Amino acid sequence: MSDYVIDPPPVVSLPVAGSTAHFPVRRIFCVGRNYADHAREMGHDPDREPPFFFDKPADALIVGEADIPYPSCTGQLEHEAELVAALGSGGRNIDAVAALDRVWGYAIGNDLTRRDIQAEAKKLGRPWTMAKGFDGSAVCGPIHPVVRIGHPASGDIRLHVNGTLRQSGDISQMIWTLPEIIAALSRLVELKAGDLVYTGTPSGVGRLVPGDVVEIAIAGLGGLRNRVVA
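Keep in mind it's a predicted model, so treat the numbers as computed, not measured.

Criteria and cut-off values
- Residues numbered from 1 in each chain as written.
- Predicted model: local features only at pLDDT ≥ 70, side-chain atom pairs only at ≥ 80, totals over all residues.
- Heavy atoms only, no water.
- Helix = DSSP H or I, 4+ residues; strand = E, 2+ residues; numbered from the N terminus.
- Rg over C-alpha atoms; globule rule 2.2 N^0.38 Å.
- Buried < 20%, exposed > 50% of the residue type's maximum accessible area, 1.4 Å probe, protein only.
- Contact = heavy atoms within 4.5 Å.
- Areas by Shrake-Rupley, 256 points an atom, 1.4 Å probe, with all protein chains shown as cover.
- Lys, Arg positive; Asp, Glu negative; His and termini not counted.
- Charge placed at Lys NZ, Arg CZ, Asp CG, Glu CD.
- Pairing = 2+ DSSP bridges.

Caption draft 1: Local environment of the overall build of the protein. Summing up its helical and strand segments, the protein has five helices and 18 strands in all. Computed over the C-alpha atoms, the radius of gyration of the protein is 17 Å, within 12% of the 17 Å expected from 2.2 N^0.38 for a compact globule of 230 residues. Its C-alpha atoms give the protein principal-axis dimensions of roughly 45 × 45 × 40 Å. A burial count over the protein gives 47% of its 230 residues as buried. Taking all contacts inside the protein whose residues are at least 6 apart in sequence as the whole, residues at least 24 apart take part in 75%. Here the protein has roughly 10800 Å² of accessible surface; of this, 52% comes from carbon and sulfur atoms. Positive and negative charge centroids in the protein, built from 22 and 27 side chains respectively, lie 3 Å apart.

Caption draft 2: Examining the pairing of strand β17 (residues 213-218) more closely. One ladder, built from five bridges, connects strand β13 (residues 156-161) with β17; its direction is antiparallel. In the sheet register, Ile157 faces β17, and the bridge partner there is Ile218. Taken together, the six bridges between β17 and strand β18 (residues 222-229) define a ladder with antiparallel strand orientation. Bridge pairing in β18 links Val214 to Asn226. From the end of β17 to the start of β18, which pair antiparallel, there are three residues, and Gly220 there has a positive phi angle of about 85°.

Interpretation note: all reported values are geometric properties and have no functional meaning in isolation.
Written out as structure tokens, the structure is:
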């Protein structure tokens, strides 16, 4: 047994749907602007941009339907409903043809963003870390194993705030498919079991305030409901 000078951090995990088992989380990767309408609403041309990535720490997860604490240093917290892929294995330079073999399951996610901090970082050419990787920035529901649901390639993705529809799309509208995302990401870093991949959000991202109730539904994965608290 190693003699640690401080207690090691606990393992971050997500529940497995329909089971008492848990999926341990290693790293969280996110692909940016992967739906054409969202790219346009953010002021970019979706036809010209190769996939790009940012990440969040594993302990930024809000698990299941826990409350979302409103983060500090922002007046513009925004929601981004996303399909999340959970990897059961990884590798480097993965061929897109074999990429789905690495996926263990899927979940509903919400890539929370401090948009005002992100806008300032963009303007100054600075990293997005504090806009995207803050505490509680990665909401994720239970993992649904591939052996039960297969690999969703199409289906509705919708987000409501206080019962009002904000985001509506279909996961078939991704600019870069999940196999292409995994392949591109694996050329940049070695992927491993336990990694989560947030696959992008449809248009309609918008502001959240304390008291809001956020509900996300993705076909085949059910729903996820979270309340924003002060």
